[in-house]
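Coordinate analysis (summary)
In case you want the letters, here they are:
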Amino acid sequence: MLFVTIQELEAAINYWRSQSPSEGDELRLCPEASALAKPYALMIVQGAQRVPVDVLDDMARSAIQQFQKIT
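First, a word on what this report is: a plain description of the structure on this page. (Residues numbered from 1 in each chain as written. Predicted model: local features only at pLDDT ≥ 70, side-chain atom pairs only at ≥ 80, totals over all residues. Heavy atoms only, no water.)

Examining the pattern of salt bridges
Here the structure, examined in full by the defined rule, presents two salt bridges. One salt bridge in this structure joins Arg28 and Glu23, with 3.5 Å as the shortest N-O distance. The shortest N-O distance in the salt bridge between Arg61 and Asp58 comes to 3.1 Å. With Arg61 and Asp58 both in helix 3 (residues 58-70) and three residues apart, this pair spans about one turn of that helix. Arg61 gets classed as partly exposed once you look at its relative accessible area, which sits at 21%. (Salt bridge = Lys/Arg side-chain N within 4 Å of Asp/Glu carboxyl O. Helix = DSSP H or I, 4+ residues; strand = E, 2+ residues; numbered from the N terminus. Buried < 20%, exposed > 50% of the residue type's maximum accessible area, 1.4 Å probe, protein only.)

Thoughts on the nonpolar core
Core analysis: the biggest nonpolar cluster contains 21 residues, and Leu9, Trp16, Leu36 and Ile64 have the highest contact counts within it. Breaking this core down by element, the ones donating at least two residues are helix 1 (6-19), helix 2 (31-46) and helix 3. Here this core takes six residues from helix 1, the largest share from any one element. Leu36 has contacts with Leu9, Ala12, Ile13, Trp16, Ala60, Ala63 and Ile64, leaving out every residue within four places of it along the chain. (Core = buried A, V, L, I, M, F, W, Y, C linked by side-chain atoms within 4.5 Å. Contact = heavy atoms within 4.5 Å.)

Considering the packing of helix 1 against helix 3
Contact geometry for helix 1 and helix 3: axes closest at 10 Å, N-to-C directions at 85°. If you check the angle between helix 1 and helix 3, you find them roughly perpendicular. Listed contacts from helix 3 to Glu8, Leu9, Ala11, Ala12, Tyr15 and Trp16 of helix 1 are Ala63, Ile64, Gln66, Phe67, Gln68 and Ile70. When its residues are assigned to classes, the contact of helix 1 with helix 3 shows nine nonpolar, two polar and one charged. (Axes fitted to C-alpha atoms, helices over the stretch in contact; angles between N-to-C directions. Parallel < 35°, antiparallel > 145°, perpendicular 65-115°, else oblique. Nonpolar A, V, L, I, M, F, W, Y, C, P; charged D, E, K, R; others polar.)

Notes on the packing of aromatic side chains
Applying the stated criterion to the full structure yields two aromatic pairs. Ring pairing ties together the aromatic residues Tyr15, Trp16 and Phe67, which thus form one cluster. (Phe/Tyr/Trp six-rings, centres within 6.5 Å; stacked < 30°, edge-to-face > 60°.)

Structure below.
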């Protein structure tokens, strides 16, 4: 089973935010950053340092995998 660390999720969110800055008056995140923000927040609340990739939804899994290929 593969895992993603909280540091890697944070880096991926920052990467996607740099690629597609927030939009609108509400500063809406791009779809990739938004998909990664939920598991990131849950990890913070739970005090988790890593999460299995297979528990991420399709969009979050795709965003983290694209980030991993780029970096």
